[in-house]
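Reading the structure
Here is how the chains run, residue by residue.
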Amino acid sequence: MALLDESTEELLQEIALELAFVQSGGQSSIAALISSLGKLQQIAAAQGKEKALELSRELGGWLVDLESRGTALDAGELEALQQKYQPLEKALYAEANKTEAGFTINLESQDDLELLNEFCNEGKDLLSQVEQGVLVLEEDPAHRETLNQVFRAFHTFKGGAGFLGLEPIKDLAHNLESLLDAARQNSLVIDRHVINLILAGGDTLRKFVDGIEQTIRSDNKTAPIIVPTRELIERVRSTLDGNPGGMTVKKPGETSELASEPTSETASETANETANETVNQPASEPANEATIIPPIVEVIKPIPTLPREIEEPQPKTSPKQKATNLSNFVKIDTQKLDALIDLVGELVIAKSMVVEHPVVAGQQSEELSRELRQLSRIAADLQRNAMSLRMVPIRTTFQKMNRLVRDLANSQKKQISLVTKGEDTELDRNIVEALAEPMIHMLRNSIDHGIEQPAEREGMGKSAEGKIEIEACHQAGGILIRIEDDGRGIDPARVLAKARERGIIDSDFNGNTHEILSLIFEPGFSTAETVTDVSGRGVGMDVVRGSISRLRGRIDVQSVVGKSTTFSIYLPLTLAIIDGMLVGAGNQRFIIPTLSIQESFKPTASMLSTLKGRGQLVNLRGRLIPMISLCQKLKIDKGSDDPSEGIILIINSGGQAKGLLVDHLISKQEVVIKPMGDTLQSQPVYSGAAIMGDGRVALILDPDALGRTDSPRSESQTSSN
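Before going into details, it helps to say that this report is about the structure given with it. (Residues numbered from 1 in each chain as written. Predicted model: local features only at pLDDT ≥ 70, side-chain atom pairs only at ≥ 80, totals over all residues. Heavy atoms only, no water.)

1. Structural notes on the sheet that holds strand β10 (residues 577–585)
Spatial ordering of the open sheet is given by β18-β10-β11-β20-β19, a layout of five strands whose pairing is mixed. A strand with exactly one partner marks an edge of an open sheet, and here the two such strands are β18 (664–672) and β19 (686–691). In this sheet, neighbouring strand axes are inclined to one another by 35 degrees on average, regardless of whether the strands run parallel or antiparallel. As defined by bridge partners, strand β11 (residues 588–593) adjoins strand β20 (residues 697–701) across two bridges and the pair is classed as parallel. Across the sheet, residue isoleucine 591 finds its bridge partner in β20, namely isoleucine 700. (Pairing = 2+ DSSP bridges. Helix = DSSP H or I, 4+ residues; strand = E, 2+ residues; numbered from the N terminus. Axes fitted to C-alpha atoms, helices over the stretch in contact; angles between N-to-C directions.)

Right, dumping it as structure tokens:
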């Protein structure tokens, strides 16, 4: 029987989705949460659920106060939101079924706490392997190696839970293990029903793990952890008995046709859990690390996760080879790793200050010069190796998108395949962790707005199955991530009309196609006619651009109407070092990320003009580009006011081209990024600082913030005479 009625389940699913994206600070997400909580209060009042009613009112009032403030949530408020929501969800389930099994954690020593932490960390790795393996089985139910992998993951999970006395977790894992064992023994064929049961089981186990983590980090470590499992266990047992909820179980040897209808237990919670898992899972640890709890007698190592799309056959490795590979990994606290990298950065700065010191630079000793060059080489090698410790493959993030695409496609009755390429491309660990949220936004938009229904696609001469391709590769010293779908594309004329309708641009805006398509990243922009639980509220793409900008990257969009849409994300390899252009403005120096610079040139007087209401413009090959004087922007005094005596850098600022006027270019170099103090923290135009070789500090400029006061309505296109 259902633990919650359908209306309550749907509301909880809506709230879970909004919680996944409220981290970006969108006011629409807060408004949606308030609306859902209001409906939940009505249901709780009608059903006499007093505790849930009280908690929902309390959370709703708290959100109303935050909404009236009109600013993004800070880290403390985000944590408080999660802490306030969890008791509400627990209260709903507890009042719906008083007899649901739960457990409390008994912490008798620090060792118990460490064991539970280890169980949670390794449990997340195992559940990720389960999810990816199940998605492979959905495409190829006869893949024995993947079937064994998923079975062993549940077996190991069950062993760890049993060792710690977590009986509800052990019971659920045992039943799921039995389901997979039946498939291994050829007494059960894996069809869509079995796939959904396993995915639902993995989601439930993940809720247990999240509950344990929250409990051991809270003050009340004796609070019961209750996650509904009885209905799921009954469905698993019914399937094993040959009666999966009225569905016919096919016998081995018969053709197994996987249906396409969505299921309520998996389709709607995926985005929330994918985002949370990405944030919480330590991306720097290998997914195929050792088992959950060291004291467990029987240790079965899960087989490494298989990608959904296999471009080349992988050579099989013997157990001896696997053991050798495992010995190359060691777990390290990420705080220690970050501290090491910071110290290496300080060493490099100190080396530069010594080498460029006037006393040392004035020495004519050939031996000293040789030793200094050797010191520079060693410092550079040390820094390069230290930075590589932060680099992890983007495979984990790509694999999480498989489940998202699968569930959203099922919920919308669309046929979509996801192809991933370049999964071994390595980025900074912090970038990989932060990349999941913008990728979720873009995939949700591609599925909801881009990919057509099968009948519509066939009517257009396309394959009924849509295709989304995600690729990562190295480009120009950074990383390019490309997300392409073969859907209906983005119509520039419709985008332009909607932008004018919403007042995002003036009526005389006459940008080129690239500039028009970039308008989709403006706050509040949406061409959706109706709001769904997936997209259409006008939040999302502006959040994507903001998230990418915080990673010091940029995003572009290209589209062919009726054929495809491609989003290109350009990112630096790491957040600790920046490849920048050192420029001079007056008597000060600043650093501009080279990733944002398109070109530079020395303007002539004939290229410059001033239009009323639009400020200074520079005519570059017939294109009028708004010009920003860095000295005027930062209120820096300088000798000459003639722009033709300076240098103009064409930068990408918020998806729009801007001309940044500086006095001169000094050099291009890699610098170690340092955080700014409280005095400059409130200045959005600065994104960091760097200590130069002469000991002076140069501030790093944020290209998006430089042009933020200039809206898209200031750009125009003119024909060249």
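2. Description of the sheet that holds strand β9 (residues 564–571)
One open sheet accounts for five strands, arranged β4-β6-β7-β9-β8; its pairing is mixed. Where the open sheet ends on each side, the last strands, each with one partner, are β4 (416–421) and β8 (554–560). Across the sheet, the axes of successive neighbouring strands diverge by a mean angle of 15 degrees, strand direction being ignored. Summarising the sheet, β8 and β9 pair through seven bridges and their orientation is antiparallel. Residue pairing in the sheet places valine 557 in a bridge with phenylalanine 567 of β9. Helix α16 (residues 395–411) rests against β4, β6 (466–475) and β7 (478–485) of the sheet, and its axis sits at about 170 degrees to β4. (Contact = heavy atoms within 4.5 Å.)

3. A closer look at the side chain of serine 564
With respect to the element layout, serine 564 can be found in strand β9. Each residue touching serine 564, except ones within four places of it in the same chain, is listed here: Glu484, Asp485, Asp486, Gly487, Gly489, Gln558 and Ser559.

4. Concerning unusual backbone geometry
Phi at asparagine 186 takes a positive value of approximately 65 degrees, unusual for a residue other than glycine. The phi torsion at arginine 621 lies on the positive side, around 50 degrees, for a residue other than glycine. Within the fold, arginine 621 resides in the loop between β14 (615–620) and β15 (623–629).

5. Notes on the nonpolar core
By size, the foremost hydrophobic cluster in this structure holds 49 residues, and its most contacted members are Ile470, Ile481 and Leu571. Looking at this core, the element that brings in the most residues is helix α17 (residues 429–450), giving eight residues. The residues contacting isoleucine 481, other than those within four sequence positions of it, are Ile394, Phe398, Leu435, Ile470, Glu471, Ala472, Phe567, Ser568, Ile569 and Leu571. Val134, Ala161, Leu166 and Ala200 belong to the second-largest nonpolar core, a separate cluster that totals 43 residues. (Core = buried A, V, L, I, M, F, W, Y, C linked by side-chain atoms within 4.5 Å. Buried < 20%, exposed > 50% of the residue type's maximum accessible area, 1.4 Å probe, protein only.)

6. Things to note about the packing of helix α7 (residues 167–184) against helix α8 (residues 192–217)
The geometry of α7 relative to α8 is characterised by a closest axis approach of 11 Å and an angle of 160 degrees between their N-to-C directions. With respect to α8, the axis of α7 lies roughly antiparallel. Where α7 crosses over α8, the handedness of that crossing is left-handed. Listed contacts from α8 to Pro168, Ile169, Leu172, Leu176, Leu179 and Leu180 of α7 are Val194, Leu197, Ile198, Gly201, Thr204, Leu205, Phe208 and Ile212. (Parallel < 35°, antiparallel > 145°, perpendicular 65-115°, else oblique. Left-handed = near helix turned anticlockwise from the far one by under 90°.)

7. Some points on helix α13 (residues 334–355)
Helix length check: α13 (22 residues) gives 32 Å between terminal C-alpha atoms against 32 Å at 1.5 Å per residue, within 8%. Listed as buried for α13 are Leu337, Ile341, Val344, Gly345, Val348, Ile349, Lys351 and Ser352. Buried residues of α13, viewed axially, fall in a sector of 160 degrees; they line one side. Across from the buried face of α13, at angles greater than 90 degrees, the exposed residues are Gln335, Lys336 and Leu343. On its buried face, α13 sits against α15 (366–388), β18 and β19. (Expected span 1.5 Å × (residues − 1). Arc of directions from axis to C-beta.)

8. With respect to a nonpolar patch on the surface
A surface patch of nonpolar side chains, amounting to about 230 Å² of accessible area, comprises Met353, Ile691 and Val697. Within the secondary structure, valine 697 is located in strand β20. A relative accessible area of 53% places valine 697 in the exposed class. (Patch = residues over 30% accessible without salt bridge, like charges linked within 9 Å, V, L, I, M, F, W, Y side chains within 5 Å. Areas by Shrake-Rupley, 256 points an atom, 1.4 Å probe, with all protein chains shown as cover. Salt bridge = Lys/Arg side-chain N within 4 Å of Asp/Glu carboxyl O.)

9. Quick look at the packing of α8 against helix α9 (residues 230–240)
Running from N to C, α8 and α9 cross one another at 150 degrees; their axes reach a closest spacing of 11 Å. Our classification of the angle between α8 and α9 gives roughly antiparallel. When the axes of α8 and α9 are compared, the crossing they make is left-handed. In this structure, α8 uses His193, Val194, Leu197, Ala200, Gly201 and Thr204 to contact α9, whose residues at the interface are Leu232, Arg235, Val236 and Thr239. The residue inventory of the contact of α8 with α9, partitioned by class, reads five nonpolar, four polar and one charged. (Nonpolar A, V, L, I, M, F, W, Y, C, P; charged D, E, K, R; others polar.)

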